[in-house]
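Structural features, examined
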Amino acid sequence: MNITDRRRILGPSNAKPLVFERLESSEQAAQPPQEKNNENESMYIKNGLVSNANGSSYLELKRGESSEQCTILLSSVYGPRPSRGAFSSKASLSVQFKEVTIEKIPSGELKEICNFLSNIFSAVINLERYPKSGIDIFLSLIKNPITSDEANLEPIIAACVNGITLALADAGIEIFDTVSAGTYKRNVVAFSKNGTEVVGLWKDKEDDTANDILSVIENCRGNYLQNRKGIIEYLIRSKNADI
Amino acid sequence: MVYYAQSTHSAYPGQLICPVYELEKGTDSQQVIRYIAGAGVAEQDYELNGQKIIALAATVVGEVKFDEELKEMVPSGEVAESNENEEEETVSTEEERHFIVSVTDKRQDGQAVTADFANNLPREGDIVLARVTRISQQRANVEILAVENKTTPVDSGVGSNGAGIVAAGGGSGGATFSVSQASSDLGETFRGLISSRDVRATDRDKVKIIDSFRPGDIVRAQVISLGDGSNYHLSTARNDLGVVFAKACNGAGGMMYAIDWKTMVAPSTGFTEARKCAKPF
Amino acid sequence: MVLSVTEKSYLHESLASVPPARPDGRKADQFRPIEVFTDFLPASNGSSKVVASDGTECLVSVKCKVVDHAVEEDLVVVDVDIAGHRDDSGFVQGIASTLSKVLSTQLDRSCLRLTKKYSFKLYIDVLVLSSFSHPLTLISFAVYSALNSTQLPKLISSDDDLDVAELPTFHDYDFVKLNVSVPLLFTLAICGKNVLVDPASNESDVANNGILVTWNNGKATAPIRTLGLNEDYVSGVSPQSLQDSIKMIEQVAPEVLQALGGI
């Protein structure tokens, strides 16, 4: 190769590339995966992986033993940062969802999910504390449990709710409650105030739970309490580990 | 049970801390204790057995802290008037204590700055450090770099470089830059303006902005209002407010030092320049 | 009209009181009057215009095309255009996606079946000329009346064309009415413990949450989900309110269908 790159300053010809020392993998040892086996569902949480975000969370949800049925979601929170335009006494919230591997979810449905999530978190974030600013939430779905053609969005939506809550808590943005979501069949319900209030309900597919919405909510609550417990345990433990 | 006397404990968002009011009963006296929501705490409505209760709940992860706010007592005459139907004895022994309840992150505790992670947006009354970006005869435009005694969030509040669609006004992350670089390069700081009337407290109508600030100066100023959509309104009309750092010859020369409230001198050359200086100590 | 903070707070209190006091004097389960015009676009197979009392206006046109249903999976395509909102905004795309999902999964495909090989493909274009409140209920009424006024060309060739390679031929001027059960989508506002049907814009501004309930084949059906109607008052709601809203739709939906069917 005799072509010299004349667009860049190449430096001296005897330059050597920088070599960094390998980092000790101390993190892995310090943080054993958090396993909770109930209905064969387990959750692994790690906060603060995205270094330039104000807060972030990495969430791995496994259903059953096989690694196929695994949802991996990375949520990051940026801001509050100044927003331009008209004066607003509250922060504005934006949620962006992206599949980083193969895009299987139609873009219209992604928009619906984003609308649904920003609706939930408008109710949850203490937006009055952040005048004239915007809070941006970015969700990256790293692994999708969808194997067949039929989109099964429910576990993903539940993971998004849990992931955003963790990321917001990591960012230190004021939230009224540790909101979490529970799924039951094809329903997702996001709760606050220890399950007495519903902040989001998503029922997209007809199933045999027909019109008994209360029993659906009741069934989701069990799953919610379990998820919420995991989130709170993680938050408290990681806080104590920091000190 | 007295809430403020409890030892500190960890809290997570949504955890109930205490009610808004509490009645502390001593042996022969009783007092009302009022809890006020501070940083990281919000008042929330709860319903218990059909009854509405207002309680304080944490909104961030951290340690619960109770700080007593020392206030002058309510004049007893007023109390007696409003509680005429109550017994005289109760009124005389009743006093109100105020506690500010806050939840703070241990990571910031004990450091020089008060803990208000990410919740550092400039508010009315806050002292901020700002850099002058542009001057005109009527005002100086500044960008707010930091709120004094507050930490800046990891991304410096300057935006995002996430994988997703970058929101309008979003840009690159701040962690790789220093705060000052990121802010000026990307124009993503909160902006403010110092009107010529707010430069100093006396002779307001004779203020010349050009003799008070120059672009590039670092100014200590107070937020007087949230302003409009784009600018905070700031003021330097106090002795301890004004230019704190400035370089001579519009930034070409060396650092200058204040010799009085309206003059700065460059020690290397001896030249003086006019500024509205902050009293250093 | 933009309400001040005080006006909003007053309105919220009155809507949350028992019984709710709605600013236009409606009962909790009362809709605003609407005007419906159908079948006025000569170039489309079915059309309708719905005008609500607050000036919200929605036009729907249904056009059809003959397609090989073995090749084309989607027999219903919905396009939504809302004046004052960008086409790529989350609001418009969310509504479009919800509508097309509901219509393509819940419309009976056999009604569109022409022959063993071919089907009609419906293109439903929705244009909201002006909207003040959440337009989904109105759009759904308009889609309902447009689909119920749709006339499809009458087939005169054989409907068994698996072996014969021929395209379906149609009668020169005779049409067949499309007979299909169309789902209706209702938006409700939850204020305190009250559930309000067909919220007006000022009511949406102070609602604690909104809920979307779909009605098809005589029962409430999926999708049922919460919708944010505003950003200031949105909060959690009790599970009972969700149950109440579905109950309310079960009560009013048959009457709405009757009213729309009478056109």
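Our subject is the structure that appears above.
Read on for an overview of the structure. These numbers come from a predicted model, not from an experiment.

Attention shifts here to the packing of helix α2 (residues 107-124) of chain A against helix α2 (residues 90-106) of chain C. Taken N-terminus to C-terminus, the directions of α2(A) and α2(C) make an angle of 115°; their axes are 8 Å apart at the nearest point. Relative to α2(C), α2(A) is oriented so that their crossing is left-handed. Across from A:G108, A:E109, A:K111, A:E112, A:C114 and A:N115 in α2(A), the residues of α2(C) making contact are C:G90, C:Q93, C:G94, C:A96, C:S97 and C:T98. Of the residues in the contact of α2(A) with α2(C), the class split is two nonpolar, seven polar and three charged.

Our focus in this paragraph is the packing of α2(A) against helix α3 (residues 154-171) of chain A. All names here are of chain A. For the pair α2 and α3, the least separation of the axes is 11 Å and the interaxial angle reads 40°. Regarding the angle of α2 to α3, the classification is oblique. In this structure, α2 meets α3 at a crossing whose hand is right-handed. Taking contact as the criterion, the partners of I113, L117, I120 and F121 in α2 are, on α3, I157, C160, V161 and I164.

Bringing α3(A) into the picture now. Residues and elements named next belong to chain A. Over its 18 residues, α3 runs 26 Å from end to end, which matches the ideal 26 Å to within 8%, given 1.5 Å per residue. Burial analysis of α3 places 17 of its 18 residues in the buried class, which makes it a mostly covered element. Once α3 finishes, G172 follows within two positions and takes phi at roughly 75°, a positive value.

Each partner contributes residues to the interface: chain C has 26 residues there, and chain A has 26 residues. Elements that contribute at least two residues to the side of chain C that touches chain A include exactly α2, β11 (219-227) and α5 (239-261) of chain C. Here the side of chain C that touches chain A gets nine residues from one element, more than from any other, and that element is β11(C). Residue composition of the side of chain C that touches chain A, by class: eleven nonpolar, twelve polar and three charged.

The next point concerns the environment of A:N126. Residue placement: A:N126 occurs in the loop between α2 and β5 (133-143). As a C-alpha pair, A:N126 and A:I173 span 47 residues in sequence and 8.0 Å in three-dimensional space. Excluding residues that lie within four positions of it along the chain, A:N126 makes contacts with A:E174, A:I175, A:F176, B:A42 and B:T59.

About the criteria used
- Residues numbered from 1 in each chain as written.
- Chains lettered and ligands numbered in written order.
- Predicted model: local features only at pLDDT ≥ 70, side-chain atom pairs only at ≥ 80, totals over all residues.
- Axes fitted to C-alpha atoms, helices over the stretch in contact; angles between N-to-C directions.
- Helix = DSSP H or I, 4+ residues; strand = E, 2+ residues; numbered from the N terminus.
- Left-handed = near helix turned anticlockwise from the far one by under 90°.
- Contact = placed C-beta atoms within 7 Å.
- Nonpolar A, V, L, I, M, F, W, Y, C, P; charged D, E, K, R; others polar.
- Parallel < 35°, antiparallel > 145°, perpendicular 65-115°, else oblique.
- Expected span 1.5 Å × (residues − 1).
- Buried ≥ 20, exposed ≤ 12 C-beta atoms within 10 Å, placed from the backbone.

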